Amino acid sequence: MTLAAPDPYHRRTMIVSVDTELLRKILAGALPAGARSAELFVESRLTTLVSIDGASGAESVELRWETGAHLRRFSEGRVECFVLDAPTPASLEALALHPEAAGLEWLSGDARLGVGRPGRAGGLEARLPEASPGAAGGAWSAAGIAAALDLARQALGRLSSDAGEGCRATGSAGLQVQVQEVLVLATDRDPVRDTRRFAELRLQVELQRAGRRAESEATLSVPSLEALGDSGRPHETLAAGLAARAARRLDAGSTPRGEMPVVFASPSGGFLLHEVCGHLLEADHVLRGASPFAGARGQAVASPRLTLADDGSIPAMRGSSLFDDEGASARRTPLIMEGTLVGFLSDRMTAFATDGISTGNGRRQSYRDAPMPRMTNLVIDPGSETLDDILGRTPAGLLVTRLGRGRVDPATGRFALAVEEGYAIEGGRAGRPVAGAVLRGVARELLAGIDAVGSDPTADAGAPVCIKDDQAVPFGVLQPTLRVGRMHVAGAEP
Amino acid sequence: MREAALALVERALAAGAAQAEAFVKVGATRTVRLEAGGGVSWTRRSEGGIALRLFTPEGGAGFAAACGPEPAEPAARSLVQAALHGALPDDAARLPLPGGPAPDARGFGIFDPRLQACAPSDLEGLLDEAASEALRAEPRVRRLDTASLAASSAEVWLANSSGFAGTYKQTLVHIVLGVVAGDGASSVVVRRSRTARSFAAFSPALFGDETARLAATALEGRAAPEGSYPAMLAPAAAAEVLRRFARSITPAWPDPSRPAGSACVTLIDDGRLPGGVASAPFDGEGVPTRRTALVERGAAGRTIHDRRSAAADGGVSTGNASRASFRDPPRRAPSNLFIAPGSAEPGELLAEMRGTGSGLWIQSLRPASSMMPGDTRMTALATGRWVEQGRPGRPIAGALISLPLEGWLPGVRAVGNDLAFGFPAGSFGSPSLLIDSVGVRAP
């Protein structure tokens, strides 16, 4: 495996140079008796992480180069997994041939007992060039690091300058640039490889003015560091927007409370729907009976206005990739069609919940982790009304333009989510900003209560992260404006 | 590994660094997991990597890390170049790195040879023991939700340009058990985990039994009425609060000008605690670990420092530089943090609630996301029992509690004698605590 990463902006592709056919033959030849198939996931990832704490002025840079392999062998009722850091030609070969022994040469003492050295498979070493991390130097160049630092500083500077008169702003910025190359090869299907890259900017601000205080945060995800430096200067736009939003929170009045219509402007409701649909429709939850949607396939679970899918194949969306982390092609998986539950999200291990075929949702945080069913991009089909149409039919209620933090109980579907930016709807129009609203409800009631779907689907430009069993993966949202006819709006927690 | 670390340090010095340190960690983890579909998955991870931190003559600090504990020539060159390129001004850059002989790694109780040498069948047996007991102990536990057991062993090396070269071995066992309990009308999922340095430190059967009983309480439990109540926190719940509170321990805490806790509170950070999940002979910068009393009988004690915070504060490091993995630079963090036990039995603490009317006995806390950024309160879902006149009553479950962290230590009225660790991160410990007030609202 050779890594050839590149210039400060990760423009060129890293190269994973492996004779996949030969490695696959070795894998197949080494299958133990009773094993059905084997799969090898190889990953290389370069990460540059820049952090600035505006309060102390402290800046830091962390650089990581990670490579690893994860081998799984499938038998009836049993899966064996072997994870190896920093594979070299020799250790990758050893992993394929004798996974029980691979990697243990690093350890001393009893852990090495009984471990034999693997043999050599003719030709493999010659075709697998030595890992060459020196080639990674470009990505860690002085120019690349300086560019990332400058962008973070510019964003933080804009945050302070746009805070408004009389406001004291304290902010922090984190910029992560990552390029990941994966290779999946298995004994029972064709090998695939994919390069995934992104740059994520995370900003936080605390504004204080005349004894009032407001905190807010914002994220932006783009395909590369270069895209942040574009003429549109999206990093500064994000900072200016965040400062303005925090300032509005300083001025916001009390929230209306009680049962009322809630309009989720595009794409603000995506996070909520990801939590109540994404996770609750994952096949592992369903198979365990730990989802309120278990056994509900074919049943009406939502408003007939709602058609919702998972789609990892939409170009340039945050959760998109050519293949999932098991090598299954990215695709659109219908989940709810006109209110009827039609599908679940599965990986290879849970595919028997989805007619025996993985839906391409086997995702993992890194080679260190086993894949599990996860949403890629949540997509809601558009309706025919504009936001103004929907507001015009709503005499009073709450308009949500950004959701904040919250929690969902996967077993019951019960949720509570804070509204980070919202407006009272008065006389069919968005009125005064309100603060402190918390939305409470149950997944099925929320889905059934959708009574309007807008014609304006937009993708969330932020950097949403889905966390499940301590594994974090990025996901995307494409959602038109939605109205829920009746939701419980409460105040902030005590 | 020692040679690899020393070679990287030498290379950094040759490239112009004023000081350098190399951290190497290698290890293996074996995990058994019962899958949703009824199968078993078995995972063996071989992990290893190296990190370089260097300090430039101009006062900058740079950090870079890579997988593979013995980097080949190009990788080592890349690491040094990257760390130099990323060097930024740092308060600790001009302080000399710790030198001298490395502390003796013996006697810490952090390495269990039996755990290191265990076979997959050993782990399956232990997990099966815990799972079987959970299913046997309580008939309303219908099935497992999740079950996994991981046993890991690792070796750590640290070398620096001041001549320090230290190493130690450690082992860790981590069990997660989730069960589904139901009574026909409703069902609940309860998950617990436990971490220890050795097999001898925990009993799988007892863990399974406790999990089943907690699930039964959660199934029977109803929400507590909204309001503010005195509460007794069981060790698991108190340790969870302490874990959340630890995030707010800045170098400026405790403030010597005011009480940090009530007179019954002594808060200890001990990096040398025998068998402690965070115990080690030296920290992530090579500074010998030690015991630090942050609060002594309510009075402010000393704070904890790594080299950077010590430099800024004009103090010395207390050996509290922690590395989450070889991929992460050392950061100031507590080691084994615990509230020292008192002399009262837990039952005596409950009885002390006799004069306060109603209260809560919180046996388990599941942290919930706070709704507001920057919220300094702990928000969590509680399971336990309602207390009337000092006697435990009906079960409660799903009660959303809110606890202002700034005032929780001054609000401790009594401390039990049942100090325990291992919930769930392992390095936070507490006895049962009687506290003045927690807020409750419907979830």
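Residues numbered from 1 in each chain as written. Chains lettered and ligands numbered in written order. Predicted model: local features only at pLDDT ≥ 70, side-chain atom pairs only at ≥ 80, totals over all residues.

This part covers the overall build of chain B. The helix and strand tally for chain B stands at eight helices and 20 strands. Computed over the C-alpha atoms, the radius of gyration of chain B is 24 Å, within 12% of the 22 Å expected from 2.2 N^0.38 for a compact globule of 443 residues. Taking the principal axes of its C-alpha atoms as reference, chain B extends roughly 70 × 60 × 40 Å. Of all 443 residues assigned to chain B, the portion counted as buried reaches 56%. Intrachain contacts of chain B at a sequence separation of at least 6 include 73% that bridge at least 24 residues. (Helix = DSSP H or I, 4+ residues; strand = E, 2+ residues; numbered from the N terminus. Rg over C-alpha atoms; globule rule 2.2 N^0.38 Å. Buried ≥ 20, exposed ≤ 12 C-beta atoms within 10 Å, placed from the backbone. Contact = placed C-beta atoms within 7 Å.)

A separate point is the overall build of chain A. Helix and strand content of chain A: 10 helices and 24 strands. Looking at chain A residue by residue over its 494 residues, the buried ones come to 54%. At a minimum sequence separation of 6, the contacts of chain A that also span at least 24 residues come to 74%.

Turning our eyes to something else, we now look at the sheet that holds strand β19 (residues 428-429) of chain B. All names here are of chain B. The five strands lie next to each other as β11-β10-β9-β14-β19, forming an open sheet whose pairing is mixed. The open sheet has two edge strands with one neighbour each: β11 (299-300) and β19. Where strand β14 (residues 337-339) lies against β19, two bridges are found, and the strand directions are parallel. Bridging from a neighbouring strand, F338 pairs with G429 of β19. (Pairing = 2+ DSSP bridges.)

This brings us to the sheet that holds strand β14 (residues 377-380) of chain A. All names here are of chain A. Strand order in the open sheet formed by six strands is β11-β10-β9-β14-β23-β20, and the pairing between neighbours is mixed. Pairing within the sheet leaves two strands with one partner each, and these edge strands are β11 (340-341) and β20 (458-459). Alignment of β20 against strand β23 (residues 476-479), held across two bridges, turns out to be antiparallel. When the bridges of β23 are listed, A459 appears paired with L478. Relative to β14, helix α7 (residues 270-278) is tilted by about 105°, and along the sheet it contacts β9 (308-311), β10 (332-337), β14 and β23. (Axes fitted to C-alpha atoms, helices over the stretch in contact; angles between N-to-C directions.)

Moving on, we come to helix α1 (residues 2-14) of chain B. Residue and element names in this part refer to chain B. Its 13 residues give α1 an end-to-end C-alpha distance of 18 Å, which sits within 8% of 18 Å, the value for a rise of 1.5 Å per residue. For α1, every residue scored as buried is listed here: A5, L8, V9, R11 and A12. For α1, the angular spread of the buried residues around the axis is 160°, confining them to a single face. Across α1 from its buried face, at more than 90 degrees, point the exposed residues E3 and A14. Lining the buried residues of α1 we find β1 (19-34), β2 (40-55), α2 (73-85) and β5 (141-160). Of the residues flanking the end of α1, it is G16, one or two places downstream, whose phi is positive at about 115°. (Expected span 1.5 Å × (residues − 1). Arc of directions from axis to C-beta.)

With that out of the way, let us pick up the pairing of strand β24 (residues 482-490) of chain A. Residue and element names in this part refer to chain A. Direction of pairing for strand β8 (residues 258-264) relative to β24: antiparallel, over a ladder of six bridges. Paired with V263 across the two strands is R483, which belongs to β24. When strand β18 (residues 438-442) meets β24, the two strands line up antiparallel, connected through three bridges. When the bridges of β24 are listed, V438 appears paired with A490. For strand β19 (residues 450-453) and β24, the ladder comprises three bridges, and the chain directions are antiparallel. Each bridged residue has a counterpart across the sheet, and for V453 the counterpart in β24 is L482.

Our focus in this paragraph is unusual backbone geometry. A cis amide bond, omega -10°, links S266(A) with the succeeding residue P267(A). Its location among the elements puts P267(A) in the loop between β8 and α7. Of the consecutive residues W253(B) and P254(B), the connecting peptide bond is found in the cis state with omega at 5°. With a phi close to 70°, D470(A) is a non-glycine residue in the positive phi region. Mapped onto the secondary structure, D470(A) falls in the loop between β21 (465-468) and β22 (471-474).

A few words on the environment of E206(A). Position of E206(A) relative to the elements: it lies in strand β5 (residues 189-209). Distance from E206(A) to S384(A), taken between C-alpha atoms, is 39 Å for residues 178 residues apart in sequence.

Next up on the list: the packing of helix α4 (residues 120-137) of chain B against helix α5 (residues 204-220) of chain B. Residues and elements named next belong to chain B. Relative to each other, α4 and α5 sit at 35°, their axes nearing to 7 Å. α4 and α5 meet at a crossing whose hand is right-handed. From α4, L126, E129, A130, A131, S132, E133, A134 and A137 reach across to α5, where they touch P204, A205, F207, G208, D209, T211, A212 and R213. For the contact of α4 with α5, the class distribution of residues is nine nonpolar, three polar and four charged. (Left-handed = near helix turned anticlockwise from the far one by under 90°. Nonpolar A, V, L, I, M, F, W, Y, C, P; charged D, E, K, R; others polar.)

With that settled, consider helix α1 (residues 20-29) of chain A. Residue and element names in this part refer to chain A. For α1, every residue scored as buried is listed here: L23, R24 and L27. Taken around the axis of α1, the buried residues stretch over an arc of 100°, which confines them to a single face. The exposed residues of α1 that point more than 90 degrees off its buried face are E21 and G29.

We now examine the environment of R192(B). The residue R192(B) is located in strand β7 (residues 187-196) in this model. If sequence neighbours within four positions are ignored, R192(B) has contacts with L177(B), T211(B) and L214(B).

All names here are of chain A. For chain A, the average pLDDT comes to 83, and 87% of its residues sit at 70 or higher. Low pLDDT, under 50, characterises residues 1-16; the predicted model gives this stretch 64 contacts beyond four residues in sequence or across chains. Scored below 50 in pLDDT, residues 106-138 shows 82 contacts in the model against residues more than four places distant or in partner chains. (pLDDT = per-residue confidence, 0-100.)

All names here are of chain A. Along the chain, L228 turns up in helix α5 (residues 225-228). A count of 27 C-beta atoms within 10 Å places L228 in the buried class. In sequence terms L228 and A199 are 29 residues apart; their C-alpha atoms lie 8.0 Å from each other.

What follows concerns the pairing of strand β3 (residues 60-67) of chain B. Where burial is concerned, most of β3(B) is hidden: seven out of the eight residues are buried. Strand direction decides the pairing type here: strand β2 (residues 59-75) of chain A and β3(B), joined by three bridges, are parallel. Within the sheet, the bridge partner assigned to R64(A) lies in β3(B) and is A65(B). Relative to β3(B), β2(B) runs antiparallel, the two being bridged by seven bridges. Bridging from a neighbouring strand, F55(B) pairs with A61(B) of β3(B). Here β2(B) hands over to β3(B) after four residues, with G59(B) in that stretch at a positive phi of 95°.

Attention shifts here to the packing of α1(B) against α2(B). Residues and elements named next belong to chain B. The interhelical angle for the contact between α1 and α2, taken along N-to-C directions, is 50°, at an axis separation of 10 Å. Accordingly, the angle class assigned to the pair α1 and α2 is oblique. In this structure, α1 crosses over α2, and the sense of that crossing is right-handed. Taking contact as the criterion, the partners of L8, R11 and A12 in α1 are, on α2, A76, L79 and V80. A breakdown of the residues in the contact of α1 with α2 according to their chemical character gives five nonpolar, no polar and one charged. (Parallel < 35°, antiparallel > 145°, perpendicular 65-115°, else oblique.)

All right, on to the confidence of the model for chain B then. Within chain B, residue pLDDT values average 91, and 97% of them lie at 70 or more. Two summary scores accompany this predicted model of the complex, namely pTM at 0.85 and ipTM at 0.79.

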